[in-house]
Amino acid sequence: MKALKRTIAAAAGLAMMAGLAACGGGRSDSAGSSEKVDKGATIGISMPTKSEERWNKDGNGLKKNLEAKGYKVILSFADDKPAQQNADIENMVNNSAKIVVVAAKDGTAVGPAVEKAKDAGAKVIAYDRLIMNTEAVDYYATFQLEQTGVLEANYIIDKLKLKDGAKGPFNIELFTGSPDDNNAKFFFKGAWELLQPYFKSGVLVNPSRHGGGVKADSTVEDIWQKISVMSWKAEQAQKDMESILDSTYSHGEKLDAVLSPYDGISQGVINAIQSKRPDMKPGTDSWPIITGQDAMEIAITNINNGTQAQTVFKDVNKLAAAVQEMIIQIAEGKEVTGADKTYNNGTKDVKSKLLDPVSITKDNLSDLVDAGYVTQDRFDQLTKS
Ligand code: BGC
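Residues numbered from 1 in each chain as written. Predicted model: local features only at pLDDT ≥ 70, side-chain atom pairs only at ≥ 80, totals over all residues. Heavy atoms only, no water.

When you look at empty space enclosed by the protein in this model, what are you seeing that I'm missing?
Remark: the empty space left among the atoms is shown by a probe the size of a water molecule rolled over them. In the structure shown here, the tally under the stated rule is 2 cavities of 30 Å³ or more. Taken as a whole, the largest cavity spans an internal volume of roughly 110 Å³. When residues of the lining of the largest cavity are traced back to their parent elements, those giving at least two are α2 (53-68) and α6 (182-200). Looking at the lining of the largest cavity residue by residue, the class counts come to 5 nonpolar, 2 polar and 7 charged. Per-domain counts for the lining of the largest cavity show at least three residues from each of domain 1 (42-137 + 315-355) and domain 2 (145-314 + 361-382). (1 Å grid on protein atoms, 1.4 Å probe; cavity = no way out; pocket = protein on both sides within 12 Å on 5 of 7 lines; lining within 4 Å. Points joined across faces, edges and corners; volume = space filled by probe spheres on them. Helix = DSSP H or I, 4+ residues; strand = E, 2+ residues; numbered from the N terminus. Nonpolar A, V, L, I, M, F, W, Y, C, P; charged D, E, K, R; others polar. Domains from an automatic or database assignment.)

The structure is reproduced here in structure tokens:
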């Protein structure tokens, strides 16, 4: 038995030296082990980018709380570059980080870096975005992924009165998030399961050829990456929306709704409509229903002025608190509680803690203040118009 273990260890070592660590073979799942982490130990937090509002809140919030508990924290932002993120994580390992928290830019590309962390004895927590195709992830904490899409789709269904039997046909354009982010697929899955029946009955139609066109028989797997927006960038969404408007809506055609999975993408869509179709006026029937996600500052303004109709609020303070609790339980050698769901990452079922997202419209916009997400002063500035 010992000899067998030694052979496996040697083989794993060779595989790593050959740069094959990404396969993850032979690595044991040590989630739940009772090894303690010293107070004052280093914890690494690797965020995907500074250029999106939420990751700054997530990263800085978590850092502040962990430092208050006596840990040293290395916080890095990867500028949406997978290679940068892997270098950031290696730096954490070189600084003996005992727990590494990762919101991946590219859920698959980050595999080799977290495998190195795991091999160095660290625990790995996937933060908000799942790390794919590797054993080297102990826990995952996020918001119910499909629920984001459910809230967006239900908003569109309500506003178009589809459940009341409205016949349309209504023109809808659909976008998904970044093709390298597993979340983007699940957001769309939640939405598509609700919207597809209306495509089947012909009440909803997607007249553009964006991504080859979304059809009644499209499956999530078929379509989600074809209508995606790389790195969730507003600029790309704007370009895509401009070409949709040029090809399909340049002669006064009505656009009823845009399924957008993120406030930055919604902003790109709004910019495109304002430049290509100045006859569409927010607050009137000519303006499409546009959804979003993240309750960004720009969305607070847009919802207030009627250009965006809805966003999905994910209280990142709660996510940071949930992950902090995980970290402390791991550090104290206790069992991690509340990670009672699983998400499969292609290699294993990862124990997951899931929080609830909330739909925000003009009617409950000020809930963001009540939740402590934005101060009253800032809210007032964002909504004065
Ligand atoms: C997050 C969303 C966010 C998006 C763009 C996703 O992985 O779950 O909250 O809107 O990335 O940053």
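Having put the structure on the table, let's press on.
What am I meant to see in the site of the ligand here?
Around the ligand, a shell composed of 13 residues is seen, among which E52, R54, D128, R129 and D181 lie nearest. At a separation of 2.2 Å, an oxygen atom of the ligand approaches a polar side-chain atom of E52. Within the complex, the protein chains bury 100% of what would otherwise be the 310 Å² of accessible surface of the ligand. Taken atom by atom, the bulk of the ligand overlaps the largest cavity. Elements that contribute at least two residues to the shell around the ligand include exactly α2 and α6. Along the lines of polarity and charge, the residues of the shell around the ligand split into 4 nonpolar, 2 polar and 7 charged. In this structure, the shell around the ligand is formed jointly by two domains, domain 1 (42-137 + 315-355) and domain 2 (145-314 + 361-382), each of which donates at least three residues. (Near = heavy atom within 4 Å. Polar contact = N/O pair within 3.5 Å; in protein donor to acceptor, adjacent residues only side chain to side chain. Areas by Shrake-Rupley, 256 points an atom, 1.4 Å probe, with all protein chains shown as cover. Sits in = over half its atoms within 2 Å of the grid points.)

Can you help me understand the domain arrangement of the chain in this one?
Often, the extent of an interface is quoted as the loss of accessible area upon association of its parts. By the assigned domains, the chain splits into domain 1 (42-137 + 315-355) and domain 2 (145-314 + 361-382). When domain 1 packs against domain 2, close to 1,600 Å² is buried across both sides, 39% of that on carbon and sulfur atoms. Three residues stand out in domain 1 for area buried against domain 2, namely E53, D315 and Y343, and they jointly supply 33% of the buried area on that side. Scanning the region where domain 1 abuts domain 2 turns up 3 salt bridges. Across the salt bridge formed by R129 and D181, the nearest N and O atoms sit 2.8 Å from each other. Where domain 1 packs against domain 2, one counts 9 residue pairs in polar contact (both at pLDDT 80 or more). Classifying every residue of the side of domain 1 that touches domain 2 gives 4 nonpolar, 3 polar and 10 charged. (Buried area = accessible area lost by both parts, 1.4 Å probe. Salt bridge = Lys/Arg side-chain N within 4 Å of Asp/Glu carboxyl O.)

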